[in-house]
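Fold and geometry: a report
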Amino acid sequence: AYLAIRHMVPIDRAVDPNQMYLAAYEYVFPHYGWAVAATALFVVVSQLKINVTNAYAGSLAWSNFFSRLTHSHPGRVVWVVFNTLIAFLLMEMNVFQALGQVLGLYSNLAIAWIMAVVADLVINKPLGLSPPGIEFKRAHLYDINPVGVGAMGAASVLSFVAHLGLMGPTAQAFSALIALVTALVVSPLLAWATGGRYYVAREVVAPTLAPGGAALPPGGALASLGRPCAGSDPGCYLGQRLQRCVICEREYEGPDMAHCPAYQGAICSLCCTLDARCGDLCKPQARLLVQWAALLRRVLPRSVAPYLEAGLAHYLLLMAVIAPLLAAVLGLLYRQDVQGLLAASQGLMADVPPAPAALAGPVGTAWAQVLGTSFLRVYAVLMLVAGLVAWWLVLAHKSREVAQQESNRQTELLMQEIESHRRTDEQLQQAREVAERAREAAEQARALADQANQAKTRYISTISHELRTPLNSILGYAQLLHEETRGGTELPPHRAQAIQVIHRGGEHLLSLIEGTLDVARIESGKLTLNVKPLALATLLDELAGMFELQARAKGLGFRFEATGHLPPWVRADEKRVRQILINLLGNAVKFTQRGSVVLRVAHAREMALFEVIDSGPGMSATDIERVFEPFARGSTAAGQPQGTGLGLTIAKMLTDLMGGELSVRSTPGQGTTFKVKLFLPEVALDATGRRGATPTASALPAMPAEQAPRTGYQGPRLQVLVVDNEESDRVLLQRWLEPLGFDVVLATHGEDALRLLHQGLRPRVVFMDLAMPGIDGWETLRRIAAMGLRGGPGVTEPAMACAVVSANAFDHGQDNDAGITPADFLVKPVRRDDLLDWLGRRLSLQWVRGEAPPPTPAPQPVATWPPAPALQPLLHSLQLGHVKGVGQQLEVLAQTHPACAGFIAHARSLLKAFRLAELERWVQAGPDTPAAVGDPAHAPN
C-alpha cells in the first residue's frame, strides 16, 4: 500500500490488489503492458485459489455440522457446491456491504470463542477446575459443555451490546477487549460452579479389539491396545498400535478410537458421528436433548414436566435456534435496505442514483418504517411456517426413535434366541457334565471345610477348657498368697519371688489362651461388635496414663499427641478399640529399650488415625511380611522380650472386622510405626449433652487408687453354694470366701446341688460350673429357676443370685434360657478381685477393708441330727481317717435322713477342708454343742 501511494495512487484505492501488484510489477518488467498482464494473471490466480480454498473449508464446516445434526455424510463435494451457491446468492442480493458490518460483530464472536478455549487451557486446567487432558472424541463428550458455551455466549452478548454502541463510545471502541476479559473471567467461574463434570461424559474404557477385529470385553486381555509399539510390528503405525473399527472395518490409531457399548467393540470417530442407531448408548446423560430437558425442568413449573417427555423439549430447542437465526438474517437485510433507502433519499451515497423527490426528508423515514413493518410480517409468517416444520421434525424424530427402539429390541431378542439355540445344541451335554462335576467338587470342598472348621473349633474349645481348669487353681492360689502378703504375712524373699514367677507364668499362659480364642472366634464369625457411644478422649487419656507409667518404669519417654479436634464421643466397640491400642502400645513399650514411644491421634471426616511410633530395634523386610501371622515372632536380639505372637494378629483381624486398615512401616535400628485407620463417626450431641454426651474432665470418676485388701463385709452372714466337679476349684472358692465371712457349701455336681436345695438349703449366691457329670450346669440352672428360688411372683425369700464359673470361654456372651447375662459369666481362671466385684454388685455389699469384725451371723433354722445308731458308721470311718468312706457315709445319711440337711452340709464342708479331727469331735459331742444348731459359724475354726 505504501508503494502504491508513492506511485500517485489515491489513498482510498491503495489497498486494491490490482494497484499494489501493478506498482510492484513495474519494477520487475521493462514494459508497462507486461506489468499489467502479470498483475491480471496474479490477481485471477489468487482469487481462484482463495475462493476454492474458502469453498473447501466451508464444505468441511458444513459437512461436520450436518453429520452431527443428521448423522449422514453425502460427501464434501455436495457441500462445495452448496457453499458456492451461497456465495452467488449473497452476491446477487448485494449484501457484501452488510457483510462488512457483520464481520465486525463476528470478530467479537471469534475473540470470545478463542479466549474461552484459552481460559480453559491457561486457568481452569492448572487450577484443577477441568480435567488435565484434552478429550476430543464425541463418544466421551457432553453435547454441550456449559463452561465453554456459557463463557463464549456471555462474552459475545456483552461485546455485541458494546459494539452496537448501547454502552457508550468508549465501550464500543473496546468491544473486542470486553469479549476477551469476559471470556477469561466467566470460564473459570462456570467451571467452579459446575465442578467440571461436563467435560467428560464417561470414563475412558480401554480398547477392546484385537488386530484381527475380534471383540473383547472392555479392559480385557488386550487392554494394552493403543499403547506405544515397536515400528517392526505390522499392526503399528507411527508408534501407535492400530485398531480395526467394528463398522467400517478400517484400521485407525488408538487415540482416534472409542469403545462402543452398542456394537461391543472399538469404533472410529467418523462412524461414531454418523451412527444414529445407538442413540448415544455410551453417554445417555450427555445428549443435547437430555441436557436441554434437564434445564427446562429447573426453570419451568412441575406441571409442564410430563409434556417435556412428549416432545415439547425438542420442539422448544428447535424454535430457540430457528427464531433468533431468522431474526438475525432478516435484521441484516432490513438494516441494509434501510441504510440504502435513507442514504439515497439524502444524497449521501455517490454510487447510488438520487432518489425521487418524494422520498426525500420525512417521507424517506416513513418508507423506512413501512419497510420495517413488512419485514416483521415476513418474520411472523416465516416463524409460523418454521413452527409447523419444527413440530413435524419433532414427530418424525419421535417416530424414528420408537421404530429404532423396537427394531433394536426385536433384533436383540432374535440374536439372543439364535445364540441360545446354537449353544444349546453344541454344549448342553458338556455343560451338564461340567456343572455336575463342579457341584460335586463344591459340595466336597464345602463339607471338608466345614469339618475342618468344626474340628478346629472343637479342638480349641476342648484344649482351652482343659488348660483353664488347672490354670484356675494355679492363678487362684497365687492370688491368694499375694493377698496374704498384702495383708501383712511375711514370706521369705525366694518364696515371694516364686509366687511372682508362678503368677506371671500363669498370666502369660492365660493371654495365650485368650488370644487363640479371639482368633478362633473371628475366623468362625462368632465374634460380634458391640457398637455404642464411646468417650474417645477419655479412653485415650486412660491408655496414655497407663502406658506412661510402664514406659517410665523402663526409663522410656512417652508422648500423647492429639492432632486437630477430637470428638468427645464416637460410635465404636470400646472393648475392641481398647484391645487394638493396648496390643500396639504394649508391643511398643515391651520391645523398646531406649528412646521413647509416641501415641499420635487424628480425627477427620469420621475417620480416626492412630499412630504408635517407637524408637525400638525395628524390623527387617522379612519380619514385616509375616508380622501379622499367628505366633510369628521377629528376629529380636538376645535379651529382648518375646511375646505370644498373637497380639498383632488379633489387632489386624479386629481392625479388618471393623472395616479399618492396619499397616506397619519400620527401619531396622530406627524404630517402627503402626498406623490404624478406623471409621469412628462422631455422635451428635444436643444442647443438654444427651445422646452419649461426654461429661467434662472434672465430672469423670477418678481411677481408684490401690486400696487395702477386703477382709469382710457389713451385714448378716451370707451363704454361698459352689457347684463344681473339680475339687481344687471348689476348695479355691471356699478359701477365698470363708475368710471374708461367707458360709460356703460345696456340691460336686448338679444332682448334689438340687438335692441340697430340696432339703431346705437356701444360699444367697450360687456359683455354677457348666461341664459336670450327669446334668450339666445349664440344666441345673433351669431347674433352679423352675423351683422359684431366683425370684418371681409369689416368692417372699430374697432372689438367689447365680453366676457361671466355667472354663468354656465359647459359651460366654451367648444367648441362653437360664437367665444368665454376660455380666454373670466368669471365665476360668477367675481373678479374685473380679469375683468379689461381682458379689459386691449383685448383693450390694459394703466391703470392709483392713482389720474389721466378722459379719453379724444370720439366724439359722435348727438342724435335725440323725439318730445315734446312724452315726456309728460315720464315726468309724472318721476314726480310721478314711476320707472316701466318710463321704460315702454322708451320702447314705443324705438319702436315709433328708431332714438332716443342715447337719450333712456342715459335715461336708469340714470334710472338704480335710478337718477330720474337728468333724469327729463335733459328731461325738452330739447335738448339744454350739454347732448343733446347724450354723457352721459356730464350728471350731
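Looking only at helices and strands, the protein features 25 helices and 19 strands. Here the protein, with 941 residues, has 36% of them falling under the buried criterion. Summed over all atoms, the accessible surface of the protein reaches about 52700 Å², with 62% contributed by carbon and sulfur.

Here we take up the packing of aromatic side chains. The tally for this structure, following the rule as stated, stands at twelve aromatic pairs. A ring pair is formed by Tyr 21 and Phe 42, whose centres lie 4.7 Å apart and whose planes are at 75°; its orientation type is edge-to-face. On the criterion of sequence distance, the pair formed by Tyr 21 in helix H2 (residues 17-25) and Phe 42 in helix H3 (residues 32-70) is long-range, its members being 21 residues apart. The exposure class of Phe 42 is partly exposed, given its relative accessible area of 36%. Here the aromatic rings of Phe 767 and Trp 838 are separated by 5.6 Å at their centres, their planes lie at 55°, and the arrangement is tilted.

Within strand S15 (residues 743-747), five of the five residues are buried, which leaves it mostly tucked inside the rest of the structure. Neither face of S15 is left uncovered, since the one carrying Asp 743, Val 745 and Ala 747 and the one carrying Val 744 and Leu 746 both have all their residues buried. Both strand S14 (residues 719-723) and S15 contribute to a ladder of five bridges, which runs parallel. Its bridge partner being in S15, Leu 721 is matched across the sheet by Val 745. In this fold, S14 hands off to helix H18 (residues 727-737), which returns the chain to S15; that crossover is right-handed.

Let us look at helix H6 (residues 146-163). Under the 1.5 Å per step criterion, the end-to-end length of H6 is 24 Å for 18 residues, consistent within 8% with the ideal 26 Å. Turning to H6, its buried residues are Val 147, Ala 151, Ala 155, Ser 156, Ser 159 and Ala 162. Buried residues along H6 cover an arc of 145° about the axis, so they all sit on one side. Two residues or fewer past H6, Gly 165 is found with a positive phi of approximately 85°.

Nonpolar side chains in soluble globular proteins generally cluster together in the buried interior. In this structure, Phe 558, Leu 584 and Phe 610 are the most contacted members of the largest nonpolar core, which totals 39 residues. Contributing elements (two or more residues each) for this core: helix H14 (536-553), strand S8 (569-572), helix H15 (574-591), strand S9 (596-604), strand S10 (607-614), helix H17 (647-657), strand S11 (661-667) and strand S12 (671-679). Apart from residues lying up to four places away in sequence, Phe 558 is in contact with Ala 544, Phe 547, Glu 548, Ala 551, Leu 585, Val 597 and Leu 599. Among the nonpolar cores identified, the runner-up in size contains 26 residues, and Leu 718, Trp 736, Leu 746 and Leu 826 belong to it.

The next subject is empty space enclosed by the protein. Enumeration over the complete set of coordinates arrives at four cavities of 30 Å³ or more. What lines the largest cavity is a set of 14 residues, among which Ala 139, Cys 260, Cys 272, Cys 278 and Cys 282 lie closest to the centre. With three residues, the single largest contributor to the lining of the largest cavity is strand S4 (residues 257-260). Grouping the amino acids of the lining of the largest cavity by side-chain chemistry returns nine nonpolar, one polar and four charged.

As a further point, take unusual backbone geometry. Not every positive phi belongs to a glycine, and Glu 249 is a case in point at roughly 60°. Structurally, Glu 249 can be placed in the loop between strand S2 (240-244) and strand S3 (251-253). Even without a glycine there, the phi angle at Arg 605 is positive, about 55°. Among the secondary structure elements, Arg 605 is positioned in the loop between S9 and S10. Arg 605 sits in the exposed class, given a relative accessible area of 79%.

To continue, consider the sheet that holds strand S17 (residues 801-806). Sheet architecture is open: five strands sit in the order S15-S14-S16-S17-S18, paired in parallel fashion. Looking at strand neighbours, the two that pair on one side only are S15 and strand S18 (825-827), the edges of this open sheet. The sheet shows a mean angle of 20° between the axes of neighbouring strands, taken without regard to direction. Sheet analysis places strand S16 (residues 765-768) next to S17, joined by four bridges and oriented parallel. Paired with Met 768 across the strands is Val 804, a residue of S17. Together, S14, S15 and S16 form the strand contacts of H18, whose direction differs from that of S15 by roughly 175°.

Of the residues in the protein, 72% reach a pLDDT of 70 or more, and the chain-wide mean stands at 75. Per-residue pLDDT stays below 50 along residues 852-862; that stretch engages in 15 contacts with residues further than four places along the chain or on separate chains. Confidence drops under a pLDDT of 50 for residues 931-941, and excluding neighbours within four residues, the segment shows 25 contacts in the predicted structure.

In this structure the tally under the stated criterion is 20 salt bridges. In this structure, the salt-bridge partner of Glu 436 is Arg 439, at a minimum N-O distance of 2.6 Å. With a gap of three residues between them, Glu 436 and Arg 439 both fall in helix H12 (residues 362-486), about one helical turn apart. Judged by relative accessible area, Glu 436 falls into the partly exposed class, the value being 34%. Linking Arg 600 and Glu 561 is a salt bridge whose minimum nitrogen-to-oxygen distance equals 2.9 Å. A residue pair is termed long-range when its members are at least 10 positions apart, and Arg 600 in strand S9 and Glu 561 in strand S7 (residues 557-563) qualify at 39 residues. A relative accessible area of 27% means that Arg 600 is categorised as partly exposed.

Spatial strand order, S7-S9-S10-S12-S11: five strands in an open sheet with mixed pairing. Strands with a single pairing partner mark the edges of an open sheet, and in this sheet they are S7 and S11. Here the average twist between neighbouring strands, direction ignored, is 10°. Pairing between S9 and S10: eight bridges, direction antiparallel. If you follow Val 597 over to S10, its bridge partner there is Asp 614. Contacts between H14 and the sheet are confined to S7, S9 and S10, with S7 contributing the most and set at about 165° to the helix.

With that out of the way, let us pick up the packing of helix H24 (residues 901-912) against helix H25 (residues 916-925). Contact geometry of H24 with H25 gives a least axis separation of 8 Å together with a crossing angle of 150°. In terms of axis orientation, H24 runs roughly antiparallel to H25. In the crossing of H24 with H25, the sense of the turn from one axis to the other is left-handed. Contact with H24, carried on its side by Phe 903, His 906, Ala 907, Leu 910 and Leu 911, involves Leu 916, Glu 918, Leu 919, Trp 922 and Val 923 of H25 and no other residues of that element. Taken together, the residues that form the contact of H24 with H25 break down as eight nonpolar, one polar and one charged.

So, how was this worked out
Residues numbered from 1 in each chain as written. Predicted model: local features only at pLDDT ≥ 70, side-chain atom pairs only at ≥ 80, totals over all residues. Heavy atoms only, no water. Helix = DSSP H or I, 4+ residues; strand = E, 2+ residues; numbered from the N terminus. Buried < 20%, exposed > 50% of the residue type's maximum accessible area, 1.4 Å probe, protein only. Areas by Shrake-Rupley, 256 points an atom, 1.4 Å probe, with all protein chains shown as cover. Phe/Tyr/Trp six-rings, centres within 6.5 Å; stacked < 30°, edge-to-face > 60°. Pairing = 2+ DSSP bridges. Right-handed = clockwise from strand over helix to strand, strands pointing away. Expected span 1.5 Å × (residues − 1). Arc of directions from axis to C-beta. Core = buried A, V, L, I, M, F, W, Y, C linked by side-chain atoms within 4.5 Å. Contact = heavy atoms within 4.5 Å. 1 Å grid on protein atoms, 1.4 Å probe; cavity = no way out; pocket = protein on both sides within 12 Å on 5 of 7 lines; lining within 4 Å. Points joined across faces, edges and corners; volume = space filled by probe spheres on them. Nonpolar A, V, L, I, M, F, W, Y, C, P; charged D, E, K, R; others polar. Axes fitted to C-alpha atoms, helices over the stretch in contact; angles between N-to-C directions. pLDDT = per-residue confidence, 0-100. Salt bridge = Lys/Arg side-chain N within 4 Å of Asp/Glu carboxyl O. Parallel < 35°, antiparallel > 145°, perpendicular 65-115°, else oblique. Left-handed = near helix turned anticlockwise from the far one by under 90°.

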